[in-house]
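Spelled out, the chains give:
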Amino acid sequence: MAPSLTNDNGSMTIDGTPFSAQGNSCAHDSSHAVDTEFLIVGAGPAGAALACFLGSYGLQGIMISSAPGTANTPRAHITNMAALECLRDIGLYDELKNLGSKGADHMQHTRWCHSMAGQEYARIYSWGNDPRRKGDYELSSPCEPFDLPQTVLEPVLVRHAGLNGFKCRFDSALVSFTKDPKTGLITANIADNLSHKGYQIRTRYLFGADGARSEVVKQLNLPLTVRPSQGAAINILVKADLSHLVKSRTGNLHWVMQPDQEHPSFGWMGIVRMVKPWNEWMFILFPDPNRYRPEDKPSERCLHRRVREFIGDDTPAEILNVSTWYINEIVAEQYSEGNIFCLGDAVHRHPPLNGLGSNTCIQDAFNLAWKIAYVHKGWASPSLLSTYSAERQPVGVSIIERANQAFRDHYPVWEALGMLPADVNERRMIMDELKSATPAGVNRRRALHAAVKHTAHEFHGLGIEMNQHYTSAGLYTADEAEPYALQGRAAENSILFYEFSTYPGSRLPHAWLNKSTPGEPVSTIDIAGHGSFVLFSGIGGGLWGRAAESVSGLLKVPITVHYIGFGQDWEDVYFEWETLRGVEETGAVLVRPDRFVAWRAPRVLRNAGECESKLLTVMRCILGLEA
């Protein structure tokens, strides 16, 4: 297959001959096909992140999107530490952090209120800002979560991908694709939405990152597990300066419900979500499930009135965009078939609660990219690619269940506040009861407090974000005495609490390190990844280093070695790594390029030959190479 080429001006050529989409016909003449090794369909968080990660391995390809540009509405926004560690690997963390809204300044609380200007019913600390949970977050990662709208994230990813080998073509829609059964090459038929002409792209790998209406998933006919939708929601992007209202109401999520008022069918209750502090907001309206019909679209005048009611004072408000979406609970039962891979919303669709959407998309891409790169470079067997679906599909199941359960977890709050009865007089009686000095009032207040407290599973779901554990052929667990099991607080509540572990299949724990002559602290996260396997050992573990050097040479696979401990490459300044490493000082912890632990040895073996033989066996197993 001929390599794809691009001129400095971004136009495509084949064997030096200029290619023009406008010159092609709708019949998709294959003699004018563009050739590339990698074709990504979709330029959202999943597709653009995948292009960035593949580019970090020196790989080049094409990314197309049927959209005219990057996201025009700020759909995803909470960016968690698990995803940020992936983006940190390619040097984007600091740039994104500077663009995001951070911590106590903007994300301190989630609130329930009558309006932005009106009565507050309850609030809860959110996103690592609970004084009782701050330490959990700070110990878990060198990154900190922040609020980064998709409209800000996507341009950074697309630009970075473009600078590192991936050409992006917007207004280009995948129409269909075929696969040659002999060569395995895929021919994708593309429609140029500007010229209304068709052309073809031939590729070795096809990646479906094309969202909830994925054409790749549809044509691949991936089986989907579909559970009943929990209804529709209406997003209204609003420009309104609410800075005077948030001084004492610091937070990026504000549930608004007015049980004492009649409400329109399209806007039973809603969330006012910060986009840009404090003058751009997303008003998310939840229609009345008993009265609303999708065909009864509200006028802009009605939407504007509801926005003003949610604000609660005379602040001017301008509607910028309106869109409708559905609260889905859908996951693909497998993510790939042969050399076609799907990721992101194409394979897991769920509401935005818990902030798991774009974060999971980015982690899908990070898991997939190193495997594609290693197979493409000849460092691993193609069988390694089957571990992508084996590892990420169970994660998809867990996040769609959690996000939908988080939505259901709000029902007790609505019930306690009297939002559920259809009759406004009954709702007013409930509000009066909530204020009353009666046994019924006591019980209702207790119910409200318990319901709000339980939403911590959404707003402090550190476990669901960080406890992801893989089981696949891409790991080596034969040396483990016991099967994997969560311990401690995480065993009691795996949604709220993250367990640090070096058990194979777990993410590498974060611990701050330094030099014996101190400089800037460095995380274990920062000295792992970057496209290489990494082996951690300590005092007396030198044989592992020699084994890694030998095995790396034999397999032509990068393996970096770091010794941690007193007088070693890195000082365990807070003795954190000592408590987390799970092996003796002479032991070894082998970490994959995606910073998940691949294997560990409790101690050094008897001699250099045994260490080398063991590590060679482990690496061959992980990479799917024959002995």
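For the structure itself, look to the data block above.
These remarks concern the structure in this document. (Residues numbered from 1 in each chain as written. Predicted model: local features only at pLDDT ≥ 70, side-chain atom pairs only at ≥ 80, totals over all residues. Heavy atoms only, no water.)

**Side note on the environment of isoleucine 201**
Here's step 1: Mapped onto the elements, isoleucine 201 comes out in strand β14 (residues 197–208).
Here's step 2: On a C-alpha basis, the gap between isoleucine 201 and glycine 553 in space is 37 Å, while along the polypeptide they are 352 residues apart.
Here's step 3: When near neighbours in sequence (up to four residues on either side) are disregarded, isoleucine 201 contacts Val34, Thr36, Leu39, Ile62, Ile64, Ile186, Thr187, Ala188 and Ile190. (Helix = DSSP H or I, 4+ residues; strand = E, 2+ residues; numbered from the N terminus. Contact = heavy atoms within 4.5 Å.)

**A word on the packing of aromatic side chains**
Here's step 1: The full count for this structure, using the stated rule, is 26 aromatic pairs.
Here's step 2: With 6.4 Å between their ring centres and 75 degrees between their planes, tryptophan 112 and phenylalanine 459 make a pair best called edge-to-face. Of the two residues, tryptophan 112 is situated in strand β8 (residues 109–113) and phenylalanine 459 in helix α15 (residues 456–459); the sequence distance between them amounts to 347 residues. Both residues of the pair, tryptophan 112 and phenylalanine 459, count as buried.
Here's step 3: Judged by centre distance (5.5 Å) and plane angle (55 degrees), the rings of phenylalanine 286 and phenylalanine 407 are tilted. (Phe/Tyr/Trp six-rings, centres within 6.5 Å; stacked < 30°, edge-to-face > 60°. Buried < 20%, exposed > 50% of the residue type's maximum accessible area, 1.4 Å probe, protein only.)

**Topic: helix α2 (residues 81–89)**
Here's step 1: Within α2, 9 of the 9 residues are buried, which leaves the element mostly enclosed by the surrounding structure.
Here's step 2: Within the sequence span of α2, burial applies to Met81, Ala82, Ala83, Leu84, Glu85, Cys86, Leu87, Arg88 and Asp89.
Here's step 3: Where α2 begins, one side-chain oxygen reaches toward the backbone nitrogen of alanine 82, 3.2 Å away; that side chain belongs to asparagine 80.
Here's step 4: Directly beyond the C-terminal end of α2, a positive phi value near 80 degrees is found at glycine 91. (Polar contact = N/O pair within 3.5 Å; in protein donor to acceptor, adjacent residues only side chain to side chain.)

**Some words on the nonpolar core**
Here's step 1: In terms of nonpolar packing, the biggest core is built from 115 residues, with Phe53, Phe207, Tyr374, Phe533, Leu590 and Met619 touching the most fellow members.
Here's step 2: No other element matches the 11 residues that helix α10 (residues 357–376) contributes to this core.
Here's step 3: Residue assignment places this core across two domains, with domain 1 (34–103 + 147–225 + 330–402) and domain 2 (500–623) each supplying three or more.
Here's step 4: With near-sequence residues (within four places) excluded, phenylalanine 53 lies in contact with Cys86, Leu87, Ile90, Ile362, Ala365, Phe366 and Ala369.
Here's step 5: If you look at the next biggest cluster of nonpolar residues, it comprises 38 residues, including Ile124, Trp255, Ala406 and Val452. (Core = buried A, V, L, I, M, F, W, Y, C linked by side-chain atoms within 4.5 Å. Domains from an automatic or database assignment.)

**Some words on the sheet that holds strand β15 (residues 224–227)**
Here's step 1: Taking strand neighbours across the sheet as the criterion, the 3 strands line up as β15-β21-β24 in an open arrangement whose pairing is antiparallel. Edge positions in the sheet fall to β15 and β24 (348–349), since each of these pairs with one other strand and no more.
Here's step 2: In this structure, β15 lies alongside strand β21 (residues 329–332), joined through 4 bridges in antiparallel fashion. Bridge pairing in β21 places leucine 224 opposite alanine 332. (Pairing = 2+ DSSP bridges.)

**Points about the pattern of salt bridges**
Here's step 1: Following the criterion strictly, the structure yields 30 salt bridges and no others.
Here's step 2: Its salt-bridge partner being aspartate 136, residue arginine 133 comes within 2.7 Å of it at the nearest N-O pair.
Here's step 3: When its relative accessible area of 9% is taken as the criterion, arginine 133 is described as buried.
Here's step 4: Aspartate 136 sits in the buried class, given a relative accessible area of 15%.
Here's step 5: When the shortest N-O distance is used, the salt bridge between lysine 276 and glutamate 280 registers 3.8 Å.
Here's step 6: Lysine 276 sits in the partly exposed class, given a relative accessible area of 41%.
Here's step 7: Given a relative accessible area of 14%, glutamate 280 falls into the buried group.
Here's step 8: Each of Arg227, Glu329, Glu401 and Arg408 takes part in a single network of salt bridges with overlapping partners. (Salt bridge = Lys/Arg side-chain N within 4 Å of Asp/Glu carboxyl O.)

**What about the packing of α2 against α10?**
Here's step 1: At a closest axis distance of 8 Å, the pairing of α2 and α10 adopts a crossing angle of 45 degrees. Regarding the angle of α2 to α10, the classification is oblique. Taken as a pair, α2 and α10 cross one another with a handedness that is left-handed. From α2, Ala82, Ala83, Cys86, Leu87 and Asp89 reach across to α10, where they touch Asn359, Ile362, Gln363 and Phe366. (Axes fitted to C-alpha atoms, helices over the stretch in contact; angles between N-to-C directions. Parallel < 35°, antiparallel > 145°, perpendicular 65-115°, else oblique. Left-handed = near helix turned anticlockwise from the far one by under 90°.)

**Things to note about unusual backbone geometry**
Here's step 1: Proline 277 connects to tryptophan 278 through a cis peptide bond whose omega is -10 degrees.
Here's step 2: Residue placement: tryptophan 278 occurs in the loop between β18 (269–276) and β19 (280–286).
Here's step 3: The residue tryptophan 127 is not glycine, and still its phi comes out positive at about 55 degrees.
Here's step 4: Looking at the element boundaries, tryptophan 127 is found in the loop between β9 (120–125) and α5 (134–140).
Here's step 5: Within the chain, asparagine 221 stands out as a residue other than glycine whose phi angle is a positive 60 degrees.
Here's step 6: Relative to the helices and strands, asparagine 221 resides in the loop between α7 (215–220) and β15.

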